[in-house]
Amino acid sequence: MLKDITIGQHFPGNSVIHRMDPRAKLLLTIAYIVALFLGSNPIGLALSVLFLIVAYKVANIPMRLVRKSLRPILPIILFTALLNLFFVPGDPVFKWWIITITWQGLYNVMVLVIRIICLIAGTSLLTYTTSPIVLTDALERLLKPLSKLHFPVHELAMMMTIALRFIPLLIEETDKIMNAQKARGAELDAGKLSERIRALIPVLIPLFISAFRRADELAMAMECRCYHGGEGRTRLHQLHLGANDYLLTAICVVVFVVIGSSDLVWGLL
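This structure is a prediction, so every number in the text was calculated from the model and none was measured.

**Q** It is not clear to me how the overall build of the protein chain should be interpreted in this structure. Could you clarify?
**A** Helix and strand counts for the protein chain stand at 11 helices and two strands. Listed by position from the N terminus, the elements making up the protein chain come as α-α-α-α-β-β-α-α-α-α-α-α-α. When burial is assessed residue by residue, the protein chain has 33% of its 269 residues classed as buried. Residue pairs in contact within the protein chain that sit at least 24 positions apart in sequence constitute 74% of those at least 6 positions apart. Entry remark: accessible area of the protein chain is about 17,200 Å², with carbon and sulfur atoms responsible for 70%.

Laid out in structure tokens, this is it:
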């Protein structure tokens, strides 16, 4: 299960999406999320899914990674879908005893499931094609005007970089600790729910100790390299928008406008 978590992972490549300016990718991801919530109808959802499929094909990212990223949150998706399926009033489709399924409930379930899948796949594509350091640099450049208001932009960007870098490390460390506990006879996957929760205590304590140790080592390494914040610092790689960035941005904006305005078309049908 832990190996299925792909949050914060980066898959290097040489596609046009990999080479795209990270500032444009970050803004387009936010625009995609907005368009996804505006176009909550079959036409908009179909266009959203089609857009993601094309984007993953262009980026040469296998779609199986989407299934892996969805697997850990599948219970949450199923629980939310069941709530919408059985507790949304409307025209009944199936009724037995106290169980009633309505057309409106089925529609809400379809919209909810597709929207969650598109949200996870869309945001995951950003991290798959952009390294955490470059992504944080883009965020810092976008938030730079806030520094005029004495907002700690660089510090916030640095914390996000460290958090993204630590996620895969903590997942790997948790997997090692769980395997070590199982080798000593611990039953982490058996018993009642309360017993499974109690069995996680021997895993959480070493994990917290390891996390604090890594944080202390990182802080010591930054101090040894005379790190003192973002003031006066230079960058090895400068961000520049090219012709491909403007072209891809224009194409994506047109697609997002069509998705967001699809409610108008669906209302006329």
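This is not the end of the story, as more comes after the structure.
**Q** Honestly, the packing of helix α4 (residues 74-87) against helix α5 (residues 103-129) in this entry has me stumped. Any pointers?
**A** Each pair of packed helices can be summarised by the angle the axes make with each other and by the distance between the axes. At a closest axis distance of 8 Å, the pairing of α4 and α5 adopts a crossing angle of 160 degrees. Taken as axis vectors, α4 and α5 run roughly antiparallel relative to one another. The way α4 lies across α5 gives a crossing that is right-handed. Contacts from Ile77, Thr80, Ala81, Asn84 and Leu85 of α4 reach α5 at Gly105, Leu106, Asn108, Val109, Leu112, Val113 and Ile116.

**Q** Just to check I follow, could you spell out the nonpolar core for this structure?
**A** The tendency in soluble globular proteins is for nonpolar side chains to be buried as a group. Membership of the largest hydrophobic core comes to 27 residues, with the highest contact counts inside it found for Tyr32, Leu52, Tyr56, Ile61, Leu125 and Phe256. Apart from residues lying up to four places away in sequence, Tyr32 is in contact with Ser48, Phe51, Leu52, Cys118, Gly122 and Phe256. Judged by nonpolar contacts, the second largest core, of six residues, contains Leu188, Ala199, Val203 and Leu207.

**Q** What is the right way to read the packing of aromatic side chains from this model?
**A** Any two aromatic rings considered together are summarised by their centre-to-centre distance and by the angle between their planes. Evaluated as defined, the whole model comprises three aromatic pairs. For the pair Phe51 and Phe256, a centre-to-centre distance of 5.2 Å together with 70 degrees between the ring planes defines the contact as edge-to-face. Taken as a pair, Phe51 in helix α2 (residues 42-59) and Phe256 in helix α10 (residues 243-260) lie far apart in primary sequence, 205 residues in all. Assessed through its relative accessible area of 7%, Phe256 is described here as buried. These aromatic residues form a ring-pair network of at least three members: Tyr32, Phe51 and Phe256.

**Q** Looking at this model, I keep getting lost on a nonpolar patch on the surface. Mind explaining?
**A** Among the surface-exposed residues, Phe79, Leu82, Leu83, Phe86, Phe87, Trp96, Trp97, Ile98 and Ile99 lie close enough to one another that they form a single nonpolar patch of about 1,100 Å² accessible area. A total of five residues in the nonpolar patch trace back to one element, the largest contributor, which is α4. For Phe87, the position within the fold is in helix α4.

**Q** I'm lost on the packing of α2 against α10 in this one. Help?
**A** Remark: α2 packs on α10, axes separated minimally by 9 Å, with the N-to-C direction vectors making an angle of 155 degrees. Classified by the angle their axes make, α2 and α10 are roughly antiparallel. From α2, Gly44, Leu47, Ser48 and Phe51 reach across to α10, where they touch Cys252, Val255, Phe256, Val258 and Ile259. Partitioning the contact of α2 with α10 into residue classes produces seven nonpolar, two polar and no charged.

**Q** Would you mind going over helix α9 (residues 201-224) with me for this structure?
**A** Within an α-helix, residues lying three or four positions from one another point in the same direction, as the helix has 3.6 residues per turn. The end-to-end C-alpha distance of α9 is 35 Å, a good match for the 34 Å that 24 residues give at a rise of 1.5 Å each. Among all positions in α9, only Val203, Leu207, Ser210 and Ala211 are buried. Just past α9, the residue Cys226 takes up positive phi, approximately 60 degrees.

**Q** It is not clear to me how the layout of surface pockets should be interpreted in this structure. Could you clarify?
**A** The rolling of a water-molecule-sized probe over the atoms marks out the regions of remaining empty space. Here the second largest pocket is characterised by a volume of approximately 500 Å³. What lines the second largest pocket is a set of 25 residues, and nearest its centre among them are Ile17, Phe51, Ala55, Leu125 and Cys252. Breaking the lining of the second largest pocket down by element, the ones donating at least two residues are α1 (22-38), α2, α5 and α10.

**Q** Teacher, can you tell me more about the environment of Leu28 here?
**A** Relative to the elements of secondary structure, Leu28 occurs in helix α1. Note on Leu28: relative accessible area 11%, which makes it buried. Along the primary structure Leu28 and Cys252 are separated by 224 residues, whereas in three dimensions their C-alpha atoms are 7.3 Å apart. In this view, Leu28 contacts Met20, Thr249, Cys252, Val253 and Phe256; residues no more than four positions away in its chain are not counted.

Thresholds, definitions, all that
Residues numbered from 1 in each chain as written. Predicted model: local features only at pLDDT ≥ 70, side-chain atom pairs only at ≥ 80, totals over all residues. Heavy atoms only, no water. Helix = DSSP H or I, 4+ residues; strand = E, 2+ residues; numbered from the N terminus. Buried < 20%, exposed > 50% of the residue type's maximum accessible area, 1.4 Å probe, protein only. Contact = heavy atoms within 4.5 Å. Areas by Shrake-Rupley, 256 points an atom, 1.4 Å probe, with all protein chains shown as cover. Axes fitted to C-alpha atoms, helices over the stretch in contact; angles between N-to-C directions. Parallel < 35°, antiparallel > 145°, perpendicular 65-115°, else oblique. Left-handed = near helix turned anticlockwise from the far one by under 90°. Core = buried A, V, L, I, M, F, W, Y, C linked by side-chain atoms within 4.5 Å. Phe/Tyr/Trp six-rings, centres within 6.5 Å; stacked < 30°, edge-to-face > 60°. Patch = residues over 30% accessible without salt bridge, like charges linked within 9 Å, V, L, I, M, F, W, Y side chains within 5 Å. Salt bridge = Lys/Arg side-chain N within 4 Å of Asp/Glu carboxyl O. Nonpolar A, V, L, I, M, F, W, Y, C, P; charged D, E, K, R; others polar. Expected span 1.5 Å × (residues − 1). 1 Å grid on protein atoms, 1.4 Å probe; cavity = no way out; pocket = protein on both sides within 12 Å on 5 of 7 lines; lining within 4 Å. Points joined across faces, edges and corners; volume = space filled by probe spheres on them.

Function cannot be inferred from these measures alone, as they are strictly geometric.
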